[in-house]
Amino acid sequence: IETLVQLREHDVQPALVLAAKNAKIALRAEDAVRLADHGITPTYIADVQALGYHPSAEQYIRLADHGVTTAWIRQVQEAGLKPSVDDLVRMRDAGV
């Protein structure tokens, strides 16, 4: 029951959990809470996956926290690059 209360208190929506499941993200209740708390949406998960990335829950949080948008990832890919998730974060932090 505590887990359900925690999910409700952090407004974890079923669509977020389903999106994570569809993306094959290993997701514990605390991971779902962290995704929701960091503003990760089902659309963001699906869009990142569609761009060829398969981040973990923690990596999704890092991407979002560092301002890595799917539009920006598309621009990077259109420039002929396919950086790793960690490199995307480093590039964004460097102002690329």
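Note that this is a predicted model, so its numbers are computed, not measured.

Draft legend 1. Quick look at the packing of aromatic side chains. Counted according to the given criterion, the structure contains 1 aromatic pair. Ring centres of Tyr44 and Tyr60 lie 6.1 Å apart, and the angle between their planes is 70°; this geometry places the pair in the edge-to-face category. Of this pair, Tyr44 sits in helix H4 (residues 42–50) while Tyr60 sits in helix H5 (residues 57–65), and the two are 16 residues apart along the sequence. Accessibility assignment for this pair places Tyr44 and Tyr60 in one class, buried.

Draft legend 2. Region of interest: the pattern of salt bridges. Inspection of the entire model under this criterion finds 5 salt bridges. With a closest N to O distance of 2.3 Å, Asp87 and Arg90 form a salt bridge. Separated by 3 residues within a single helix, Asp87 and Arg90 lie in helix H7 (residues 85–93), roughly one turn from each other. Accessibility expressed as a relative area gives 30% for Asp87, which makes it partly exposed.

Draft legend 3. Structural view of the packing of helix H6 (residues 70–78) against H7. Remark: H6 packs on H7, axes separated minimally by 12 Å, with the N-to-C direction vectors making an angle of 100°. As judged from the angle between their axes, H6 and H7 are roughly perpendicular. When H6 is examined against H7, the residues Trp72, Ile73 and Val76 are found in contact with a partner set consisting of Leu88, Met91 and Arg92. Considered class by class, the residues forming the contact of H6 with H7 number 5 nonpolar, no polar and 1 charged.

Draft legend 4. Representation of the environment of Pro83 within the structure. Relative to the elements of secondary structure, Pro83 occurs in the loop between H6 and H7. Accessibility expressed as a relative area gives 9% for Pro83, which makes it buried. Along the sequence, Pro83 and Tyr53 sit 30 residues apart, while their C-alpha atoms lie 9.7 Å from each other. Pro83 has contacts with Tyr53, Val76, Leu88 and Met91, leaving out every residue within four places of it along the chain.

Draft legend 5. Spotlight on H5. Residues of H5 that are buried include every one of Ala57, Tyr60, Ile61 and Leu63, and no others. Relative to the axis of H5, the buried residues are bounded by an arc of 160° and lie together on one face. Positive backbone phi, approximately 75°, marks Gly67, located one or two places after H5.

Draft legend 6. Examining the nonpolar core more closely. With 28 residues, the main nonpolar core has Ile45, Tyr60 and Ile73 as its most contacted residues. Listed by contribution, the elements that provide at least two residues to this core are helix H2 (14–22), helix H3 (29–37), H4, H5, H6 and H7. Ignoring sequence-local partners within four residues, the contact set of Ile73 consists of Val48, Leu51, Tyr53, Val68 and Leu88.

Calculation notes
- Residues numbered from 1 in each chain as written.
- Predicted model: local features only at pLDDT ≥ 70, side-chain atom pairs only at ≥ 80, totals over all residues.
- Heavy atoms only, no water.
- Phe/Tyr/Trp six-rings, centres within 6.5 Å; stacked < 30°, edge-to-face > 60°.
- Helix = DSSP H or I, 4+ residues; strand = E, 2+ residues; numbered from the N terminus.
- Buried < 20%, exposed > 50% of the residue type's maximum accessible area, 1.4 Å probe, protein only.
- Salt bridge = Lys/Arg side-chain N within 4 Å of Asp/Glu carboxyl O.
- Axes fitted to C-alpha atoms, helices over the stretch in contact; angles between N-to-C directions.
- Parallel < 35°, antiparallel > 145°, perpendicular 65-115°, else oblique.
- Contact = heavy atoms within 4.5 Å.
- Nonpolar A, V, L, I, M, F, W, Y, C, P; charged D, E, K, R; others polar.
- Arc of directions from axis to C-beta.
- Core = buried A, V, L, I, M, F, W, Y, C linked by side-chain atoms within 4.5 Å.

So far we have only geometry, and geometry alone does not tell us how the molecule works.
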